[in-house]
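Here are the chains, one letter per residue:
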Amino acid sequence: MYRFFVPEENVREQEIRITGDDVNHIKNVLRMKAGEKVVVSCGQGMDYYCIIEDIQERVIVLRVRETEPAVTELPARIVLFQALPKLDKMELVIQKAIELGAAEVVPVRTRRCVVKLDAKKEEKKLARWRAIAESAAKQSGRGFIPEVHSVMDFRDALEYAGQLDVIMIPYELCGTAAESGETIREAAGQQSIGIFIGPEGGFERSEIELASDHGAVPVSLGKRILRTETAGLAVLSVLMFLIEWRNGRGMLPG
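Predicted model only: the values in this text are computed from it and were never measured.

Asks: Hey, could you run me through the sheet that holds strand E4 (residues 46-55) in this one?
Replies: Each strand in a sheet pairs with another by means of backbone hydrogen bonds, the pair being arranged parallel or else antiparallel. Taken together, five strands build an open sheet; the order of strands is E1-E3-E4-E5-E2 and the sheet is mixed. The outermost strands of the open sheet, each flanked by one partner alone, are strand E1 (2-5) and strand E2 (15-18). With strand direction ignored, the average angle separating the axes of adjacent strands in the sheet is 40°. Where E4 and strand E5 (residues 60-69) come together, nine bridges link them in antiparallel fashion.

Asks: Mind showing me how you'd approach the packing of helix H4 (residues 154-161) against helix H6 (residues 205-213) here?
Replies: Two numbers describe a pair of packed helices, the interaxial angle and the distance between the axes. Across the interface, H4 lies against H6 with an axial gap of 10 Å and an inter-helix angle of 25°. With respect to H6, the element H4 is oriented roughly parallel. The hand of the H4/H6 crossing is right-handed. Counting all contacts with H4, which are made through Phe154, Arg155 and Leu158, the residues of H6 involved are Glu207, Leu210 and Ala211.

Asks: Is there a simple way to think about the nonpolar core in this case?
Replies: General note: in soluble globular proteins, nonpolar side chains tend to be found buried as a group. Counting 41 residues, the largest nonpolar core has Ile94, Trp129, Met168, Ile193, Ile195, Leu236 and Leu239 as its most contacted members. Elements with a contribution of two residues or more to this core: strand E6 (77-83), helix H2 (89-99), helix H3 (119-139), strand E10 (166-170), helix H5 (177-187), strand E11 (192-197) and helix H7 (228-249). Tallying contributions element by element places H7 first for this core, with seven residues. For Leu239, the contacting residues outside a window of four places in its chain are Ile78, Met168, Ile184, Ala187, Ala188, Ile193 and Ile195. Core analysis: the second largest hydrophobic core is formed by 19 residues, Val106, Ile169, Tyr171 and Phe196 among them.

Asks: Would you take a moment to explain the pairing of strand E7 (residues 104-109) for this structure?
Replies: On a regular strand, one side chain projects to one face of the sheet and the next to the other, so that they alternate. Across the six residues that make up E7, a large majority, five, are buried. Relative to E7, E6 runs parallel, the two being bridged by five bridges. Looking across to E7, one finds that Gln82 is bridged to Pro107. Traced from E6 through H2 to E7, the parallel crossover comes out right-handed. Sheet topology note: the E7/strand E8 (residues 147-148) ladder contains two bridges and is parallel.

Asks: I would appreciate a short explanation of the packing of H2 against H3 in the present structure.
Replies: Taken N-terminus to C-terminus, the directions of H2 and H3 make an angle of 30°; their axes are 8 Å apart at the nearest point. Put simply, H2 runs roughly parallel to H3. The interaxial crossing formed by H2 with H3 has right-handed handedness. In this structure, H2 contributes Met90, Glu91, Ile94, Gln95, Ile98 and Glu99 to the contact, and H3 contributes Arg128, Trp129, Ile132, Ala133, Ala136, Ala137 and Gln139. Tallied by class, the residues present in the contact of H2 with H3 amount to eight nonpolar, two polar and three charged.

Thresholds applied
Within every chain, residues take consecutive numbers counted from 1 along the sequence as written. pLDDT decides what is reported in this predicted model: residues at 70 or higher carry local features, side-chain atom pairs at 80 or more are listed and counted, and totals for whole chains, interfaces and linings draw on all residues regardless. Hydrogens and waters are ignored; side-chain quantities use all the structure's heavy atoms. By definition, two strands form a pair when at least two bridges between them are found by DSSP. Counting from the N terminus, the helices are DSSP H or I runs at least four residues long and the strands are E runs at least two residues long. The axes are straight lines fitted to the C-alpha atoms, using for helices just the contacting stretch, and the angles between their N-to-C directions are given from 0 to 180°. Just so you know how the angles are binned, under 35 degrees is roughly parallel, over 145 roughly antiparallel, 65 to 115 roughly perpendicular, and the rest oblique. Crossing handedness is defined as follows: a turn of the near helix away from the far one that is anticlockwise and smaller than a right angle gives a left-handed crossing, while the clockwise case is right-handed. Any two residues having at least one pair of non-hydrogen atoms within 4.5 Å are treated as being in contact. The criterion is simple. A nonpolar core is a set of buried Ala, Val, Leu, Ile, Met, Phe, Trp, Tyr and Cys residues joined through side-chain atoms within 4.5 Å. Classification of residues uses two cut-offs on accessible area relative to the type maximum, computed with a 1.4 Å probe and protein chains only: under 20% is buried, over 50% is exposed, and between them is partly exposed. When the strands point away from the viewer, a crossover counts as right-handed if the route from the first strand across the helix to the second turns clockwise. Under the grouping applied here, Gly and all other residues not named as nonpolar or charged are polar, the nonpolar ones being Ala, Val, Leu, Ile, Met, Phe, Trp, Tyr, Cys and Pro and the charged ones Asp, Glu, Lys and Arg.

Below, the structure is given as structure tokens:
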């Protein structure tokens, strides 16, 4: 069943109106007709199961048949702090991070980042990243569209992460995955989790020390060196499994 997001003001008690680009998508791409079923969310944690009632030139009118709490959201808020990678890798990271349950993605400027964005380029990139976030949220059945923030400097990102219950920073020189396993397992039991991922050249030692001063815990992801676009997704995958196991079974494996 196709999923769409609408502003909260478009939701009434028994009627929802879809406007904007989704009207063209429904009419001319999906070629949907009156009577077909869709799911709608306004980003408040509720899913509206609807039937298309009327297809107009600029508005799709839906009749609400059932309302249920969204079941696709993780009970923990996970924020991925991703150092700016080269080429279009950020698009892949955002898409997959949102599929895996991240609540926010923060692009971060670190010392070894090759990518340099001026204000105009950043604005264009941010619009593209947010469009990808919305598409990924629709595809994966999310209950809201996760936020993609403007690019932050590393220190500012650490300050922002200070509100979170736990912060982890994968680092190849911090030990073994066996030693870090308990840290990740305990993080899965928190209400909010931050994950810092370095650029292609990795973090400088001084950045790891600064992160540690801000409460971040270095962790190992194993004996292999992962690419920047792989590392965050690896952590998110483990956390998603552990969090859902904990909430589905009342305990963590191990």
